[in-house]
Amino acid sequence: MIARWILLALLPVVAVIALSQSRRLSAIIGMGLFSLLLAAVYLLMHAPDVAITEATIGAALVTAIYVLAIRRTGRLIVVADEVPGLIAREGKQIVGLEYDILVGFAREVGLDLSIQFVPLRRVRWLIDHHEADMGAGGIIPLAVEASNLMPTPQHLASGVYRFEAKSLPRETARIAKIAETAPDYEGYFSDLLTHDRNGTLPTVATSLDLARVLALGRMGAALHGLDRMDGSYGYAFLIAQKRVELQRDYVGYLTRLRDSGQLETLIGRHFS
Amino acid sequence: MKRMHVRTLLTVGIVAAFAGLVALSYVQTAPDPADSQYYLARPLSETGASNRVAGIYLNYRLIDTLLEVLVFSVAVLGVRYYLRKSDNIDLPDLSESEVVQTAVSFLSPLALLLCMFFAIFGHISPGGGFAAGVIAASALLYVAIAYGMTATEARWDPRRLAFAEKAILLSLLIFILVPAFVGKSPLTDLLPKGTPGDLLSSGSILIYNMLIAAKVFIGAWLIIAAFALHRGEL
Amino acid sequence: MAAIVAFILFGIGILALVLRRDLVIKLLALGMINAASILFFISIGDRQGARSPIQLPGDTAILVDPLPQALVLSAIVVNFAILALALVFVMILCERYHSTDSTRIEQEIAREIDEEETPCL
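Attention here is on the structure that accompanies the text. If you're wondering where the values come from, they're calculated on a predicted model, not measured in any experiment.

Scoring rules and cut-offs
Residues numbered from 1 in each chain as written. Chains lettered and ligands numbered in written order. Predicted model: local features only at pLDDT ≥ 70, side-chain atom pairs only at ≥ 80, totals over all residues. Contact = placed C-beta atoms within 7 Å. Helix = DSSP H or I, 4+ residues; strand = E, 2+ residues; numbered from the N terminus. Nonpolar A, V, L, I, M, F, W, Y, C, P; charged D, E, K, R; others polar. Axes fitted to C-alpha atoms, helices over the stretch in contact; angles between N-to-C directions. Parallel < 35°, antiparallel > 145°, perpendicular 65-115°, else oblique. Left-handed = near helix turned anticlockwise from the far one by under 90°. Buried ≥ 20, exposed ≤ 12 C-beta atoms within 10 Å, placed from the backbone.

### Some points on the interface of chain C and chain A
With 36 residues of chain C at the interface, the matching set in chain A holds 32 residues. Contributions of two or more residues to the side of chain C that touches chain A are made by α1 (2-19), α2 (23-45) and α3 (66-97) of chain C. At 11 residues, the largest contribution of residues to the side of chain C that touches chain A is made by α3(C). Residue composition of the side of chain C that touches chain A, by class: 27 nonpolar, 6 polar and 3 charged.

Here it is in structure tokens:
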């Protein structure tokens, strides 16, 4: 008798708490708890059939279905190529300029940020097939006019550097070794590695962008004949053409960052 | 006060007023529960089922239950139809660690055992076909979480399960129509009632329980599988 | 007593349905309205000092009314299936408009209606 009154009084409390959560996952778990309490109440009201059915459905299946459903709704999925300085893993964290920009953007549009590191050539494919929302990772939108991707306004001016690859033969072994230990860098230096495998490396003049050149330098490769190509290039993100709303939000966010000077601060923090 | 707060308070006030009115009218005019003896007044040997609830929804009101099963099937059909085009990117292999797999390997058969208990003893003790089916679906869900969706898909092919679901529905229909050939109206119970409390009592309630358990199990699992495949992972 | 709690839960469910903007929370509130209705059904069959409706022959105890329980048992399972279908529609809506905020989805739809050209007239 007492137990029944306590449980009945607890039900609206749990209900209000569960339905006033701001995170979806908390609300779902709260409703699972509510179902369990409700099953106990049914048992105390002499309805064992109903109690068993409610407990199994409410606690196990409904929770499972909701969790499966909200896995991708409400997330901003970013696929990125790993570039130190822009967006890279250090231990367990992700640091970088683009990462900071993305974190602020996701917070502003109210989505959870989820970053996946993929090789560079997969980034465009994934966005084309609508598997991801944005592409990041030091992308210089040169040849994307043909596809249906829309580059955003650039957030960091960069340059494309051409260098003599014949300076590299001693270094390619080291690059290959680095690529083995950090296999995610493979897409990053994939051009060099392909040429190295084909044996055409000494005759090829390769071009890489600023951040990757800096990263190569940090790894100890000595690049001779470094020459900056003409033209102004800048890093930008990639968003699919059809996502007009997302582009509009991002453009607004970037202009606000730039106007308030926060963009300069962020650049200075990472590239000083 | 801000406009949002005024709107919220107004909504709370209106809903509270209505709920209060309904509660008040119920408290004043609630019928005495001791009056509702329509089905309890009938002798136990009419249905032969110890579980009075099963006796009602699988004997006196069988048509309601069967139509509910039909609604369930249509809902499963709708879920599978709307989630049918799943672009097949590489499904990640999300099987869990050895610890979870070992734990599931002896917990999941326990859940299946519980399902069979509820289905077979549904007319004697609490449970019934619906609870049994749902428990079996959650047992398979544990297996799928522990071993990954691809391994589970390899053993429980959704298309074959859909075919089995239709076969169960068809056999249910045939089982209902059999009395029509003998001369009675459909939906009557031709099997002997036996003594209540035995396993083989209460006529065809046993058969209905098992068929409904299988149907609900397949239906619930197909829903979960459709959701999991659409998301590309479990 | 349990009936009054059922009405309170029903009211909470309706409030959450109206006041929260996220579609998934609205569905959870619909689930709560279901639960409140079922609680009400079970509570009207309950009697003072009665037992569960499992009866062996020769047993003469007072039993709880089994009819509301029978009505509600299959309703719980079917509610689950319908909830899954509603969730499918919410997922499709979210993939189409890239948001689960109901106000924003309404604005998007209004904008689409404004921008499309009516084929007739």
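### Quick word on the interface of chain B and chain C
Where interface size is given, it is often the accessible area lost as the parts come together that is meant. Counting residues at the interface gives 43 residues for chain B, matched by 35 residues for chain C. Put simply, the parts of the chain that give the side of chain B that touches chain C at least two residues each are α1 (3-29), α2 (52-60), α3 (62-82), α5 (129-147) and α8 (205-231) of chain B. A class-by-class count of the residues in the side of chain B that touches chain C yields 28 nonpolar, 12 polar and 3 charged.

### Things to note about the packing of helix α3 (residues 48-69) of chain A against α5(B)
Each packed pair of helices is defined by two parameters, the angle between the axes and the distance between the axes. Relative to each other, α3(A) and α5(B) sit at 30 degrees, their axes nearing to 9 Å. In terms of their interaxial angle, α3(A) and α5(B) are classed as roughly parallel. As α3(A) packs across α5(B), the resulting crossing turns out to be left-handed. Here D49(A), I52(A), T53(A), T56(A), I57(A), A60(A), L61(A) and A64(A) of α3(A) lie close against α5(B), whose contacting residues are F130(B), A131(B), V134(B), I135(B), A137(B), S138(B) and L141(B). A class-by-class count of the residues in the contact of α3(A) with α5(B) yields 11 nonpolar, 3 polar and 1 charged.

### Comments concerning unusual backbone geometry
All names here are of chain A. Notably, H46 is not glycine yet its phi reads approximately 60 degrees, a positive angle. With respect to the helices and strands, H46 occurs in the loop between α2 (24-44) and α3. Assessed through the 22 C-beta atoms surrounding it within 10 Å, H46 is described here as buried.

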